[in-house]
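Fold and geometry: a report
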Amino acid sequence: MAPYFIKNLVPRRGNTDNSGIIPALASLTWVQWAQFWSGWLAWTCDALDFFSVSLTVTDLVVQFGKSSQTITTAITLTLLFRSVGAVIFGILSDRFGRKWPLIINLIICCVLELGTGFVQTFSQFLAVRSLFGIAMGGIWGLSSSNALENIPVELRGLASGILQQGYAVGYLLAAVINLTIVPRHNWRALFYFGACISFFAAIIRTLVPESEVFIKAKELERAKGANTATKTKVFIHETKEMLKLHWKLCIYAVLLMTGFNFLSHGSQDLYPTYLETTKGFSSHDATIATIIGNCGAIAGGAIAGWGSQYIGRRLTIILCVFLVGAFIPLWIIPSSFSALSAGAFWVQFGVQGAWGVIPIQLAEMSPPAFRATFPGVAYQIGNMVSSASAQIEATAGSHIKTTIIKNGQPEVVNDYATVQGILIGVVAAYVVIVTIVGPENHASHFEKHKAAFEEGGGHDDAFMDDDQVDRPRSIREVEDEKAFSA
């Protein structure tokens, strides 16, 4: 007999609310739309600035007189410090609400992005990027909880895929700016643009109301006479209770996100450098190939997120990772622009297709009252563990050589193709295994749960009464109510 986690890969239809995407979309209010897209925009800003370093490694080598391996230290430090930001801003969000912690987070990102554009030494560059890692670490958990908890259950798979591909859109925007603006000015322009977009995202979030679920929880506590000090004490107590109950789940989530972060960073951070060095592409052609790859990522995230609503979160992830493995040869073997671009499209379709399921998989897996802190911290600790992926590839590439023909002459270069092929293949196998043995809480109504500052919030069965919360209902519930009234 097959193990339970194998038999349970496809969720039972009775556990899902799949009454139709179109009716569910039609039921959304402008506030729900605004809350989702403000979260998406924040995540897009995060990715834009992070990949600004990856896209300008060659320029930074010239600016600071360092090797590419040394420059990638900035990427490593950014990833290392992200877990600190995830803890700080995740706790602030679960304790005080989704709106203002995200606004403050975005403003800090704006300031540090602007500061990156003004650094004059490599030490200053590393210091600013380390601080940016702390600010960057808070964005994903806050964006995800802000976007997903206010929409109907049957839309959450699709919404998860679209939300996560703010990451690919941010990379795409950075690549377009690098292609069009940076050649006319210099690498600093990329960070100036990123600062402006982050500030714009903060303004947008200021105009959008707080999460409805959180407003209602605050009203209930206010009606009970609870003050700030009391709610903080309750929050600390419930956090301890959650950790006692779910420490194994915390470890599993970190293991899962370690694999996912190695998969994404291993296939993206040094991709432009790989094309320019190992394949002899110009910076322009490498950027175009990056753009094509990110188009595949955007398509993959949306399609996989939507599909996960029907065939399950884990099975969707596994299928996408199998797709990655199938297209690794097209990623590394060809030498022509068209073939390598096709490989980039399909590998990123699979990588970001799997990633498109992660926001909702982590949200449904999380202790419900901690759906900003838990996913964000798990994600960023995974980032911390995988933070050296770019340096691993750069170092391994410097020891493994290949010969290419450049300007009619043979030239010995770093073999990043072999390095990336091995790394992506091994990590893909790891992700499949960890995903198969993990939990899945498909179509969870986590928005019905008590907030973390309410008594009992640290337990999974601490739900609000139906008459106490204006939760985002499924379209089936709306139709049933209309039929009953008629």
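Preceding block: the structure.
The following paragraphs examine the structure supplied in this document. (Residues numbered from 1 in each chain as written. Predicted model: local features only at pLDDT ≥ 70, side-chain atom pairs only at ≥ 80, totals over all residues. Heavy atoms only, no water.)

1. Topic: the overall build of the protein
For the protein, the helix and strand inventory stands at 22 helices and 2 strands. Burial analysis of the protein (486 residues in total) assigns 59% to the buried set. Contacts in the protein between residues at least 24 apart in sequence constitute 84% of all its contacts with a sequence separation of at least 6. Approximately 18,600 Å² of the protein is accessible, and the part contributed by carbon and sulfur atoms is 67%. (Helix = DSSP H or I, 4+ residues; strand = E, 2+ residues; numbered from the N terminus. Buried < 20%, exposed > 50% of the residue type's maximum accessible area, 1.4 Å probe, protein only. Contact = heavy atoms within 4.5 Å. Areas by Shrake-Rupley, 256 points an atom, 1.4 Å probe, with all protein chains shown as cover.)

2. As for the side chain of Thr287
With respect to the helices and strands, Thr287 occurs in helix 15 (residues 283-311). If we ignore the near neighbours within four places in the chain, the residues touching Thr287 are Ala175, Asn178 and Leu179.

3. What to know about a nonpolar patch on the surface
A surface patch of nonpolar side chains, about 510 Å² in accessible area, is lined by Leu80, Phe81, Val84, Ile88, Leu92, Phe96 and Met384. Residue contributions to the nonpolar patch peak at 6 residues, all from helix 6 (residues 73-96). Within the secondary structure, Leu92 sits in helix 6. (Patch = residues over 30% accessible without salt bridge, like charges linked within 9 Å, V, L, I, M, F, W, Y side chains within 5 Å. Salt bridge = Lys/Arg side-chain N within 4 Å of Asp/Glu carboxyl O.)

4. Let's talk about the pattern of salt bridges
Within the structure shown, the criterion is met by 6 salt bridges. In this structure, Arg98 engages Asp94 in a salt bridge whose closest nitrogen and oxygen atoms are separated by 2.9 Å. Accessibility assignment for this pair places Arg98 and Asp94 in one class, buried. Between Glu241 and Lys244 there is a salt bridge, with the nearest N and O atoms lying 3.7 Å from each other. In this pair, Glu241 and Lys244 both sit in helix 13 (residues 228-268), 3 residues apart, roughly one turn of the helix. According to the relative accessible area criterion, Lys244 is exposed, its value standing at 58%. Here the salt bridges do not stand alone but share partners, grouping Asp94, Arg98 and Glu149 into one network.

5. Regarding helix 4 (residues 57-64)
All of the buried residues in helix 4 are Val57, Leu60 and Phe64. In an axial view of helix 4, the angular spread of the buried residues amounts to 60°, which keeps them on one side of the axis. Close packing links the buried residues of helix 4 with helix 3 (30-55), helix 5 (68-71), helix 8 (122-148) and helix 14 (271-277). Positive phi appears at Gly65, one or two residues downstream of helix 4, with a value of about 65°. (Arc of directions from axis to C-beta.)

6. Observations concerning the packing of aromatic side chains
Under the criterion given, the structure shown has 25 aromatic pairs. Each ring, one from Phe260 and one from Trp355, has its centre 5.3 Å from the other, and the planes form 80°; the classification is edge-to-face. Taken as a pair, Phe260 in helix 13 and Trp355 in helix 18 (residues 337-365) lie far apart in primary sequence, 95 residues in all. A residue is classified by how much of its surface remains accessible, and Trp355, at 1% relative accessible area, is buried. Ring geometry for Phe281 and Phe337: centres 6.0 Å apart, planes at 35°, overall tilted. In this pair, Phe281 sits in the loop between helix 14 and helix 15 while Phe337 sits in helix 18, placing the two residues 56 residues apart along the sequence. Look at Phe281 and you get buried, because its relative accessible area is 11%. Taking NZ or CZ as reference, Arg82 lies 5.7 Å from the ring centre of Phe50, over its face. (Phe/Tyr/Trp six-rings, centres within 6.5 Å; stacked < 30°, edge-to-face > 60°. Lys NZ or Arg CZ within 6 Å of the ring centre and 35° of its normal.)

7. Regarding helix 10 (residues 166-180)
Compared with an ideal rise of 1.5 Å per residue, which puts 15 residues at 21 Å, helix 10 spans 21 Å between its outermost C-alpha atoms and is within 8% of the ideal. For helix 10, the complete set of buried residues consists of Gly166, Tyr167, Ala168, Val169, Gly170, Tyr171, Leu172, Ala174, Ala175, Ile177 and Asn178. (Expected span 1.5 Å × (residues − 1).)

8. Observations concerning the nonpolar core
By size, the foremost hydrophobic cluster in this structure holds 119 residues, and its most contacted members are Met257, Phe260, Tyr274 and Ile358. Ignoring sequence-local partners within four residues, the contact set of Phe260 consists of Ile317, Ala354, Trp355, Ile358, Val431 and Thr435. (Core = buried A, V, L, I, M, F, W, Y, C linked by side-chain atoms within 4.5 Å.)

9. Structural notes on the packing of helix 13 against helix 19 (residues 373-385)
In the contact formed by helix 13 and helix 19, the axes pass within 7 Å of each other and the chain directions differ by 55°. Between helix 13 and helix 19, the interaxial angle falls into the category oblique. The two elements helix 13 and helix 19 cross, and the hand of that crossing is right-handed. Between helix 13 and helix 19, the residues in contact are Leu249, Cys250, Ala253, Val254, Met257, Thr258, Asn261, Phe262 and His265 and Phe374, Ala378, Tyr379, Ile381, Gly382, Asn383 and Val385, respectively. Within the contact of helix 13 with helix 19, the residues separate by chemical class into 11 nonpolar, 5 polar and no charged. (Axes fitted to C-alpha atoms, helices over the stretch in contact; angles between N-to-C directions. Parallel < 35°, antiparallel > 145°, perpendicular 65-115°, else oblique. Left-handed = near helix turned anticlockwise from the far one by under 90°. Nonpolar A, V, L, I, M, F, W, Y, C, P; charged D, E, K, R; others polar.)

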